[in-house]
Amino acid sequence: MAKKMRANDFTLEDFLAQMQQIKKMGPLKDLLGMMPGIPGMGKLDLESALNGVDPQKEMARTEAIIQSMTKEERANPSILNGPRKKRIAAGCGRSIADVNRLIKQFEEMKKMMKQMNNMQKGKKGKFPFFR
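Read on for a plain summary of the structure.

Calculation notes
Residues numbered from 1 in each chain as written. Predicted model: local features only at pLDDT ≥ 70, side-chain atom pairs only at ≥ 80, totals over all residues. Heavy atoms only, no water. Salt bridge = Lys/Arg side-chain N within 4 Å of Asp/Glu carboxyl O. Helix = DSSP H or I, 4+ residues; strand = E, 2+ residues; numbered from the N terminus. Core = buried A, V, L, I, M, F, W, Y, C linked by side-chain atoms within 4.5 Å. Buried < 20%, exposed > 50% of the residue type's maximum accessible area, 1.4 Å probe, protein only. Contact = heavy atoms within 4.5 Å. Axes fitted to C-alpha atoms, helices over the stretch in contact; angles between N-to-C directions. Left-handed = near helix turned anticlockwise from the far one by under 90°. Nonpolar A, V, L, I, M, F, W, Y, C, P; charged D, E, K, R; others polar. 1 Å grid on protein atoms, 1.4 Å probe; cavity = no way out; pocket = protein on both sides within 12 Å on 5 of 7 lines; lining within 4 Å. Points joined across faces, edges and corners; volume = space filled by probe spheres on them. Phe/Tyr/Trp six-rings, centres within 6.5 Å; stacked < 30°, edge-to-face > 60°.

Looking at the pattern of salt bridges
Turning to step 1, where the next piece is worked out: Scanning all chains against the criterion turns up eight salt bridges.
Turning to step 2, where the next piece is worked out: Of the charged contacts in the structure, one is a salt bridge between Arg74 and Glu13, with a shortest N-O distance of 3.1 Å. Pair noted here: Arg74 is in helix 6 (residues 71-75) and Glu13 is in helix 2 (residues 12-24), with a separation of 61 residues, a long-range link.
Turning to step 3, where the next piece is worked out: Measuring nitrogen to oxygen at the nearest pair gives 2.8 Å for the salt bridge that ties Glu58 to Arg61.

Structure representation (structure tokens):
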């Protein structure tokens, strides 16, 4: 997975596999509550940070959208046009806007991964002790 991220070869199929692994770890609220953070951050602060959004439900919705795609669409989301998005939305019971939102978020995530990889490459040349 890390190699795929470094090579900027991360697909929706990989994203789906990661989500399924996270689900096996238990409820997301519990996982988020275990993360180190600001001292004294209690359950109340976690609830306000989530802003009323249930992470389990969001993951299930995202999973449904991705599973409604063909393998070709998961590997290359740029081929998604209007009719394909409409079919995906109908297949998972979500709106076309939800499908568009997922694709946009995925593309933003890929962009961030690429930027992080570029930053790491730049550091390797300037600071040999980061290798």
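A word on the nonpolar core
Turning to step 1, where the next piece is worked out: Counting 18 residues, the largest nonpolar core has Phe15, Ile65 and Met69 as its most contacted members.
Turning to step 2, where the next piece is worked out: Sorting the residues of this core by element identifies helix 2, helix 5 (55-67), helix 7 (82-92) and helix 8 (96-126) as the ones contributing at least two each.
Turning to step 3, where the next piece is worked out: When residues in this core are grouped by element, the largest group, five residues, is from helix 8.
Turning to step 4, where the next piece is worked out: Those residues within four positions of Phe15 in sequence are excluded, and the remaining contacts are Phe10, Thr62, Ile66, Leu102, Phe106 and Met109.

A closer look at the packing of helix 2 against helix 5
Turning to step 1, where the next piece is worked out: In contact at an axis separation of 10 Å, helix 2 and helix 5 are set at 145 degrees when each is read in the N-to-C sense. Crossing angle aside, the handedness with which helix 2 passes helix 5 is left-handed. Each of Leu12, Phe15, Leu16, Met19, Gln20, Ile22 and Lys23 in helix 2 lies in contact with helix 5, whose residues at this interface are Met59, Thr62, Glu63, Ile66 and Gln67.
Turning to step 2, where the next piece is worked out: Its residues placed into classes, the contact of helix 2 with helix 5 shows seven nonpolar, three polar and two charged.

Things to note about the layout of surface pockets
Turning to step 1, where the next piece is worked out: The volume enclosed by the largest pocket comes to roughly 320 Å³.
Turning to step 2, where the next piece is worked out: Surrounding the largest pocket, 14 residues form its lining, Glu58, Thr62, Arg101, Leu102 and Gln105 being those nearest its centre.
Turning to step 3, where the next piece is worked out: Secondary structure elements with two or more residues in the lining of the largest pocket: helix 2, helix 5 and helix 8.
Turning to step 4, where the next piece is worked out: Per element, the largest residue contribution to the lining of the largest pocket is six residues, and it comes from helix 8.
Turning to step 5, where the next piece is worked out: Residue classes in the lining of the largest pocket are distributed as seven nonpolar, two polar and five charged.

Thoughts on the packing of aromatic side chains
For any two aromatic rings, the description comes down to two numbers: the centre-to-centre distance and the angle of the planes.
Turning to step 1, where the next piece is worked out: By the definition in use, this model includes two aromatic pairs.
Turning to step 2, where the next piece is worked out: Look at Phe10 and Phe106: their rings are 6.1 Å apart centre to centre, the planes differ by 25 degrees, and that puts the pair in the stacked class. A residue pair is termed long-range when its members are at least 10 positions apart, and Phe10 in the loop between helix 1 (2-6) and helix 2 and Phe106 in helix 8 qualify at 96 residues. You'll find Phe10 and Phe106 in the same group, each marked buried.
Turning to step 3, where the next piece is worked out: Between Phe15 and Phe106, the ring centres sit 6.2 Å apart and the planes meet at 55 degrees, which makes this aromatic pair tilted. Note that Phe15 is positioned in helix 2 and Phe106 in helix 8, a separation of 91 residues in sequence.

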